[in-house]
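As a plain string of letters, each chain reads:
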Amino acid sequence: MLPILSFALAALAATVSVLANPIAATNTPRVVHEKRDAIPSGWKRSRKHLPTAFIPLRFGLTQSNLDKLEDFLYEVSDPVSSSYGKHWDTAKVAHTFAPSEETVDRVRAWLADSGFETARIHVTPANTWVEVNATVEEAERLLATEYYVFEHTTGYEHVACDEYYIPEELTTHIDFITPTIHFNAVVRPPSPGLTPRNAYNATPGWVNNTAPWFNATIPNGNTTAPPLQSNGTNLGHPGVGLYPKPGGLVSNHYKDLEHCDQQITPDCLRALYGIIYKPLVPHKNSFGIVEYTPQAYRQSDLDVFFDQYSPNIKHRQPELVSIDGGFAQTSYESFHLNGESDLDLQYGMALTDRQKVTLYQVGDMYLGASFNNFLDAIDGSYCTYDGGDDSSVDAPYPDQRYAGGYTGPKSCGTTPPAHVISTSYAYNEVELSQKYTARQCAEYAKLGLMGVTVLYSSGDYGVAGNHGLCINDQGGESYGGTIFNPTFPSGCPYVTSVGATQINPGAKVTDPESACEQVIYSGGGFSNHFQRPGYQKKAVEKYLTNYPPPYPPNLWNTNNARAFPDLSANGANYAVAVDDAFISVYGTSASAPVVGAILTLVNDARLAVGKGPIGFINPTIYSKFFRGAFNDITTGGNQGCGTPGFQAAPGWDPVTGLGTPNFPEMLVRWLTLP
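Residues numbered from 1 in each chain as written. Predicted model: local features only at pLDDT ≥ 70, side-chain atom pairs only at ≥ 80, totals over all residues. Heavy atoms only, no water.

Looking at an unreviewed UniProt entry, the chain carries the name tripeptidyl-peptidase II, with the source organism given as Jaapia argillacea MUCL 33604. Listed under Subcellular location (unreviewed entry) in UniProt, the entry text for the chain is "Secreted, Extracellular space". The record in UniProt for the chain states the following under Function (unreviewed entry): "Secreted tripeptidyl-peptidase which degrades proteins at acidic pHs and is involved in virulence." (UniProt positions renumbered as here; feature names shortened; annotations may be inferred.)

Structural data, given as structure tokens:
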């Protein structure tokens, strides 16, 4: 049976069996704090790391009151609670979950007792990280481990260990330590001629050729464009994480509703989901879409799209918020560099009409960024100085590594979160450690406490992970693996995961949709890191009882796991303007901003009558108050890993969730809540 955290946040303090310290000079009892089951796909152990090399050890301290976090969240998110809608401010969140002085003192004392001078031990301002620069020899002695240099097939090198030990009494005070077992989620080599500056990674060994996805063009004869490259965690780079899938060129533009099975337009979506609404108080409301550089929209693409489908907002631009040097780069053009952002903004803006849309553009052209880099910017208590970052996964800013990178101050609490935030990117859950995902998942719960709705695409490969990878018997990823591979953050119970549907070929826009089975398959399944939350227990157990999946428990997590997606929206045949041409586009990358736009309109209606934003919606949408608020999807599946995957069925299912939005019904219900 696949491993699962009994509860994600409790895992931050979980302990394992006591083992003697095999390397350190003392015989203090230690426990394994984190252990990697397998070397990730594409990597191999190259050599032992130099004992005199320095690595920046960072100790993430456990936060206070995490055992109460879910209860706090449900108090403001459950429609039967007397505190429904009474969201917290950022100061209350930061104060409630700050690590205790005891935790800080214990970790600092351990380091001092282990021989580190006081001057070398640094505690971050919010007392959430302890940092010390250590030699490899010192780190190995401290953590009872051995550090190796691992080499990727691209030539990129990374420093990591297989497992590490800490004193048993500190397991309730330390979340995780970096660098240790964590690997960059996906790796691509930089372009030729790009020289990294100082970094703790081993001497770079990048291959001297162009990355296989480097098919972008440089417009207008621009000869000063910076090298386009990826260092491994860049979510915006083609081939990294989740991204939309192109179909063919759109030759005919249909403005009627007779061809929605062939071409999805804003009017098709309005007809599908009953979206007849004009924002009343857009100045009070906010809708954010997250993109990762070098993914970038082109204003000319937005203009062409709006001219065709939403002429009332032609020439409108999103409000760009730069995070860690993020900008809408125009040096390179291709579907893989412009398709995601063009898609998200064209439909997110068209469906919300005159509502201002905030574009959170994250990361520079060199280091790129991860979800944590974005979270740092919208919640200062979480940022790299005070929060959940891991330098082996999250980009460290200022960019001290690449010439020409962003050298300004790190974006730490620099912008407020929008009421609704849509992200069309995802990792495979297995690529990240359980403690890392648990800490980030807790941050999504805190955003829910503050009244923020967080949406993520569920994936495009059915029960497989990004790129069709499945988990193999060794615990790694491969195309020949047979174990289902859930995505993250969809597996986190504190985000709303969005799957994909389609209008069946030949069907009318008024006919029931099916699960998407054109080009992509709606991501869905069961997390291997998180337990099933209370709000979805009845719905999921009903599905498993009435429609039991025909797969043995070694292929999917049958142990009370968080199930996803939660909702769905159409994800097939979108007409999108990309690089001055209309292309048919597929993916849950389309579904998430559509649901985000609909929820933004719900917020507008509530704000117009003096109520607050809807915040974390999952306890509400699974409640009895919302029965009939969604269009139930009962046909189609999400094949993957050599299987037909799961099947859609009446009620909730692990293909399309609760179904697609029925805007009028949703609006009435949310307006009745306080």
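A. Up close: the sheet that holds strand β27 (residues 581-586). As summarised here, the arrangement of the three strands in space is β11-β27-β26, forming an open sheet in which the pairing is antiparallel. With partners counted over all chains shown, the strands left at the sheet margins are β11 (245-249) and β26 (574-578), one partner each. Between one strand axis and the next, the sheet turns by 45° as a mean value, whatever way the strands run. (Pairing = 2+ DSSP bridges. Helix = DSSP H or I, 4+ residues; strand = E, 2+ residues; numbered from the N terminus. Axes fitted to C-alpha atoms, helices over the stretch in contact; angles between N-to-C directions.)

B. Quick peek at the state of the cysteines. Within this structure, the stated rule accounts for three disulfides. Between the sulfur atoms of C470 and its disulfide mate C641 the distance is 2.0 Å. Its S-S torsion of approximately -100° makes the covalent link between C470 and C641 left-handed. Residue C470 is found in strand β18 (residues 470-471), and its partner C641 is found in the loop between β28 (630-631) and β29 (660-661); the two are separated by 171 residues along the sequence. (Disulfide = S-S within 2.5 Å.)

C. Focus on the pairing of β27. Counting buried residues in β27 gives five out of six residues, a clear majority hidden from the surface. Bridge count between β11 and β27: three bridges; the pairing is antiparallel. In the sheet register, K245 faces β27, and the bridge partner there is Y586. Where β26 and β27 come together, five bridges link them in antiparallel fashion. Directly across from A577, in β27, lies its bridge partner F582. What sits between β26 and β27 in their antiparallel hairpin is a turn of two residues, with D579 showing a positive phi close to 55°. (Buried < 20%, exposed > 50% of the residue type's maximum accessible area, 1.4 Å probe, protein only.)

D. How the structure looks around the packing of helix α7 (residues 335-352) against helix α11 (residues 588-608). Axis separation between α7 and α11 bottoms out at 9 Å; the angle between their running directions is 25°. With respect to α11, the axis of α7 lies roughly parallel. Every pair of crossing elements has a handedness; the one defined by α7 and α11 is right-handed. Touching E340, L343, D344, G348, L351 and T352 of α7 are S589, A590, P593, V594, A597, T600 and L601, all from α11. Grouping the amino acids of the contact of α7 with α11 by side-chain chemistry returns seven nonpolar, four polar and two charged. (Parallel < 35°, antiparallel > 145°, perpendicular 65-115°, else oblique. Left-handed = near helix turned anticlockwise from the far one by under 90°. Contact = heavy atoms within 4.5 Å. Nonpolar A, V, L, I, M, F, W, Y, C, P; charged D, E, K, R; others polar.)

E. Quick look at the side chain of S457. Examined against the element boundaries, S457 turns out to sit in strand β17 (residues 453-457). Within the local environment of S457, its side chain forms a polar contact with the backbone oxygen of T588, the two atoms lying 2.8 Å apart. (Polar contact = N/O pair within 3.5 Å; in protein donor to acceptor, adjacent residues only side chain to side chain.)

F. Broad picture of unusual backbone geometry. The linkage connecting T293 with the following residue, P294, adopts the cis geometry, with an omega of 15°. Of note, the amide linkage connecting F488 to P489 takes the cis form, showing an omega dihedral of 15°. Tracing the backbone shows P489 in the loop between β20 (487-488) and β21 (496-502). Backbone geometry at H467 places phi at a positive 70°, although glycine is not the residue there. At N573, a residue that is not glycine, the phi angle is positive and equals roughly 70°. Structurally, the position occupied by N573 is in the loop between β25 (567-570) and β26. Judged by its relative accessible area of 7%, N573 is buried.

G. Geometry of the packing of helix α8 (residues 371-378) against helix α9 (residues 434-449). Two elements in contact, α8 and α9, have axes whose closest approach is 11 Å; the angle formed by their N-to-C orientations is 35°. Two packed elements cross with a definite hand, and for α8 against α9 that hand is left-handed. Of α9, the residues touching α8 (which contributes F371, N372, L375 and I378) are Y436, Q440, E443, Y444 and L447. Residue classes in the contact of α8 with α9 are distributed as six nonpolar, two polar and one charged.

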